[in-house]
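Here is how the chains run, residue by residue.
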Amino acid sequence: MNSREIQSELFFQQFELNILDITTAKGSYYLGYYFHLITDEEWINLTKVKRNEQGHKAIIDTPEYNRLVKRDWYWLDFKYLKQHRDHIFWTDFQNIQDYSEFLPFYPAGQTFQQIQNIIHFYCNTQVPEDHEPIYMKEAEVDDFVQETVDKIQAIFIQRMGQNLYLSS
């Protein structure tokens, strides 16, 4: 797993997820990481499609491209979290005090540090409430989430022979 390219299927095979006990902390972590990789692959596919849209083409070669596009992504995150105060981010995630590291390609403490970075970002970043997304619309993100949840559910049933309740 040294390549910068995301390869969820290679991860599944290398870490033998098909025989992993997902009821253990390590098994649950590996399964969650696998789902994370699938989600990243789907997000990359969506952003590739978006890059071909007229609005994106107008700014794609400018130094502002990433900043402008990510502003929409993060604004939608903040809007969702503000509207869903019972979300796991508020009830559990931001209260994580320690986290075991299971992946051999991450240095000790890498996962916990990333959790802390995410908490800091979403708890300490201000975004304008009146922002109107241009490059990524809320309906597109909603569709992305539902389609990705459906894909992960189908993969889990096919691979693990179990039904997995995933709430989007």
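Numbering of residues starts from 1 in every chain and runs along the sequence as written. Where local features are concerned, this predicted model is filtered to residues with pLDDT of at least 70; where side-chain atom pairs are given and counted, the filter is 80 or more; whole-chain, interface and lining totals use all residues. Here the side-chain values reflect all heavy atoms present in the structure, with hydrogen atoms and water set aside.

Caption draft 1: Layout of helix H4 (residues 65-83). Spanning 19 residues, H4 covers 28 Å between terminal C-alpha atoms, matching the ideal 27 Å at 1.5 Å per step. Along H4, the positions that sit buried rather than exposed are Tyr65, Leu68, Val69, Asp72, Trp73, Trp75, Leu76, Phe78 and Leu81. Every residue pair with non-hydrogen atoms within 4.5 Å of one another is taken to be in contact. Helical segments are the DSSP runs of H or I of at least four residues, strand segments are the runs of E of at least two, and each set is numbered from the N terminus. Buried residues along H4 sit against helix H2 (25-50), helix H3 (54-57), helix H5 (88-91), helix H6 (110-124) and helix H7 (138-160). Each helix should span, by expectation, one fewer than its residue count multiplied by 1.5 Å. For every residue, the accessible area (1.4 Å probe, protein chains only) is compared with the maximum for its type, and the residue is labelled buried under 20%, exposed over 50%, or partly exposed between those bounds.

Caption draft 2: How the structure looks around unusual backbone geometry. For Glu16, which is not a glycine, the phi torsion comes out positive at approximately 45°. Looking at where Glu16 falls in the secondary structure, it is placed in the loop between helix H1 (8-14) and H2. Since its relative accessible area comes to 46%, Glu16 is described here as partly exposed.

Caption draft 3: Layout of the pattern of salt bridges. What makes a salt bridge here is a side-chain nitrogen of Lys or Arg within 4 Å of a carboxyl oxygen of Asp or Glu, nothing more. With the rule as written, the count across this model stands at six salt bridges. The salt bridge involving Glu140 is made with Lys50; its shortest N-O contact spans 2.6 Å. Linking Glu140 in helix H7 with Lys50 in helix H2, this pair joins segments that are 90 residues apart in sequence. According to the relative accessible area criterion, Lys50 is buried, its value standing at 4%. Between Glu138 and Lys79 there is a salt bridge; the shortest N-O distance is 2.7 Å. On the criterion of sequence distance, the pair formed by Glu138 in helix H7 and Lys79 in helix H4 is long-range, its members being 59 residues apart. A residue is classified by how much of its surface remains accessible, and Glu138, at 34% relative accessible area, is partly exposed. Bridged by salt links that share partners, the residues Lys50, Glu53 and Glu140 form one connected network.

Caption draft 4: Spatial organisation of the side chain of Thr148. Here Thr148 shows up in helix H7. Residue Thr148 is classed as buried on the basis of its relative accessible area of 6%. Once you skip the residues sitting within four places of it in the chain, Thr148 turns out to touch Thr39 and Glu42.

Caption draft 5: View of the packing of aromatic side chains. Two rings from Phe, Tyr or Trp (for Trp, the six-membered ring) form a pair when their centres are within 6.5 Å of each other. A pair whose planes differ by under 30 degrees is stacked, one over 60 is edge-to-face, and the rest are tilted. Taken as a whole, this structure holds 23 aromatic pairs when the rule is applied. Ring centres of Phe11 and Phe15 lie 4.7 Å apart, and the angle between their planes is 35°; this geometry places the pair in the tilted category. With respect to class, Phe11 is no different from Phe15; both count as buried. The structure contains a cluster of three or more aromatic residues connected by ring pairs, namely Phe11, Phe15, Tyr29, Tyr30, Tyr33, Tyr99, Phe102, Phe105 and Tyr106. Throughout this description, the term charge over a ring refers to an Arg CZ or Lys NZ atom that lies within 6 Å of the ring centre and within 35 degrees of the ring normal. Stacked on the ring of Phe12, the Lys or Arg Arg159 has its end atom at 4.0 Å from the ring centre.

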